[in-house]
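Observations on the three-dimensional arrangement
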Amino acid sequence: MSHKRIGFATRLGAIAATVGSAVGLGNIWRFPYEAGQNGGGAFLLVYVLCVLLLGIPVMLSEFIIGRSTHQNMKGALQTLVPGKKVYRLAYICITGALVTLGFYFVVCGWVLQYLCHAVTGEFSGQTSQEYGLLFTRLIESPWAMLLWTWLFMAVNFVVMLQGVQKGIERIAAIMMPMLFVLLAVLCANSLLLPGAHKGLQFLFNIDFSHLGWHGVVDAFGQAFMSLSLGMACMVTYASYFNDETSLSRDAFTVAGLDSLVAIMAGVMIFPAVFSFGMQPEAGPKLVFEILPAVFQQMTGGYIWAILFFLLLLFASLTSTISLSEIAIKFLIEEHNLSRKKAIILTAVFSTILATLCALSFNVLRHWTVYNMNLFDLLNYLASNVFMLLGGLGAALIVGWLIDIKVIQRQLAHKGQRSPRLERYLIVCVRYVAPIAIVLIFLQLTGVI
Ligand code: PHE
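Overview of the structure. (Residues numbered from 1 in each chain as written. Predicted model: local features only at pLDDT ≥ 70, side-chain atom pairs only at ≥ 80, totals over all residues. Heavy atoms only, no water.)

**Details of the overall build of the protein**
The secondary structure content of the protein amounts to 18 helices and 0 strands. Based on the C-alpha atoms only, the size of the protein along its principal axes is roughly 65 × 45 × 45 Å. In the protein, once contacts between residues fewer than 6 apart in sequence are set aside, the share between residues at least 24 apart is 83%. Of the roughly 17900 Å² of accessible surface on the protein, 67% is carried by carbon and sulfur atoms. Separation between the mean location of the 27 positive side-chain charges and that of the 20 negative ones in the protein comes to 11 Å. (Helix = DSSP H or I, 4+ residues; strand = E, 2+ residues; numbered from the N terminus. Contact = heavy atoms within 4.5 Å. Areas by Shrake-Rupley, 256 points an atom, 1.4 Å probe, with all protein chains shown as cover. Lys, Arg positive; Asp, Glu negative; His and termini not counted. Charge placed at Lys NZ, Arg CZ, Asp CG, Glu CD.)

Structure representation (structure tokens):
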């Protein structure tokens, strides 16, 4: 079914929305703790390689699928590869997006709670241990977890129901650069802490002894999560791009900015971790334990803390809006639901998942698989299984199934083809990405 689509008014609008989706908790909460658990520098190296050899090519593939058809993932695949069951990949992507929403909303709830703590001045005059307790108290209280998670979800879906997300994106276009500047200030502050060099050494010194296969898998998953890949999200955004923009320039800009924000988050966190004598392997709680201590030692920390959590909340909201939109658009365009019904259905389903995740730290803590509670499990499955599968699908489709002329036309800029870019993309999506991702799956399933 073809629907009239309104493109982004400007190239900047398109980039801002795409960066808004990519930059979020993945960069600021997830990247530091993943790097912390996997030895720092070696993880960063694999992550950067992964962005260059897999991330950007898969992003370009999703852009090509979206812009050449101006349709959602399923419709696009039916147009590009007619008569085959390839369109079923869309179901994997949508399941992945819902799984991601399940745990992501819980972390957004944490950010909201921390914003409140910042406003009420909760962070001042406590010891590092007490910051640890603050977080533990939150996750161990089922009501607090549900309250903050649901509150954030309500904001997300009310924004979508009111159709004001364009407004949110416009505000975010101002907030995101502010977040960037604030991160720079926090990096400078961290670098001035006593013993900061130990943190930098941890983040930039390449030592493979702490990485292992497990860390490589995590670096792959993190790159896909951070760039919003393998979920049809970039397909959807690109379906709104106008035909004149250069896809490669957009892909490199988005991936570059996204990685820069992740690395800045690392520079903000690790010097503080070492300076305050905390553990880089702390896991998902890392950022929530360190940041209050950082703000407490800063001049004007009260204001910085409020500003930071507020900006992070907006960055998270643009990501959850784009994640929700994947399922919503699919329901509207493929199942002919009204927008309101599609939003309600997505909200109900993600509320069930997020509720279970919020309770997995307390009431349901005994529901574990391989030592992971439901939150950890969904977090792991989303990036290391669904996103990689979705990304593999997009790479194989562009590498092997669609007409090469479509690729050439989409990569051309102002009628000018770029053979080097075409070669880079084809080699990566035909060989590098599929081989790397299949190796990862063999490793995950214990075959190698
Ligand atoms: N990339 C977002 C982040 O880093 C998460 C996300 C994944 C958003 C997939 C949309 C789609 O936080």
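Okay, back to it.
**Quick look at the site of the ligand**
Close to the ligand lie 16 residues, the nearest being Ala22, Gly26, Tyr104, Met225 and Ser228. In this structure, an oxygen atom belonging to the ligand sits 2.9 Å away from a main-chain N or O atom of Ala22. At 3.2 Å from an oxygen atom of the ligand is found a main-chain nitrogen or oxygen belonging to Leu25. Listing elements by their share of the shell around the ligand, those giving two or more residues are helix H1 (11–22), helix H2 (25–37), helix H10 (212–226) and helix H14 (301–335). Residue composition of the shell around the ligand, grouped by class: 8 nonpolar, 8 polar and no charged. (Near = heavy atom within 4 Å. Polar contact = N/O pair within 3.5 Å; in protein donor to acceptor, adjacent residues only side chain to side chain. Nonpolar A, V, L, I, M, F, W, Y, C, P; charged D, E, K, R; others polar.)

**A short note on helix H6 (residues 128–140)**
Here H6 contains 13 residues, and its C-alpha end-to-end distance of 19 Å stays within 8% of the 18 Å for a straight helix at 1.5 Å per residue. What H6 keeps buried is the set Tyr131, Gly132, Leu134, Phe135, Leu138 and Ile139. Taken around the axis of H6, the buried residues stretch over an arc of 155 degrees, which confines them to a single face. Facing away from the buried surface of H6 by more than 90 degrees, the exposed residues are Gln129 and Arg137. Looking at the buried side of H6, the elements it contacts are helix H5 (89–119), helix H7 (142–161) and helix H13 (286–297). (Expected span 1.5 Å × (residues − 1). Buried < 20%, exposed > 50% of the residue type's maximum accessible area, 1.4 Å probe, protein only. Arc of directions from axis to C-beta.)

**Focus: the packing of H5 against H14**
A pair of packed helices is characterised by two quantities: the angle between their axes and the separation of those axes. Contact pair H5 / H14: the axes reach a minimum separation of 9 Å and the direction vectors enclose 160 degrees. In terms of axis orientation, H5 runs roughly antiparallel to H14. The hand of the H5/H14 crossing is left-handed. When the residues that make up the contact of H5 with H14 are grouped by side-chain class, the tally is 25 nonpolar, 5 polar and no charged. (Axes fitted to C-alpha atoms, helices over the stretch in contact; angles between N-to-C directions. Parallel < 35°, antiparallel > 145°, perpendicular 65-115°, else oblique. Left-handed = near helix turned anticlockwise from the far one by under 90°.)

**Details of the side chain of Glu34**
By secondary structure assignment, the location of Glu34 is in helix H2. Owing to a relative accessible area of 6%, Glu34 belongs among the buried residues under this scheme.

**Focus: a nonpolar patch on the surface**
Residues Trp213, Leu396, Trp400, Leu401, Val427, Tyr431, Ile435, Val438, Leu439, Leu442, Val447 and Ile448 make up a contiguous nonpolar surface patch of about 1100 Å² in total accessible area. Ranked by residue count, the leading element in the nonpolar patch is helix H18 (residues 419–444), at 6 residues. Note on placement: Trp400 falls in helix H16 (residues 374–401). (Patch = residues over 30% accessible without salt bridge, like charges linked within 9 Å, V, L, I, M, F, W, Y side chains within 5 Å. Salt bridge = Lys/Arg side-chain N within 4 Å of Asp/Glu carboxyl O.)

**Details of the pattern of salt bridges**
All chains considered together, the criterion is met by 6 salt bridges. In this structure, the salt-bridge partner of Glu325 is Lys329, at a minimum N-O distance of 2.9 Å. Here Glu325 pairs with Lys329, and both are found in helix H14, just 4 residues apart, close to one helical turn. For Lys329, a relative accessible area of 9% puts it in the buried group. Residue classification places Glu325 among the buried positions, given a relative accessible area of 10%. Each member of the salt-bridge network shares a partner with another, and the members are Glu325, Lys329 and Arg339.

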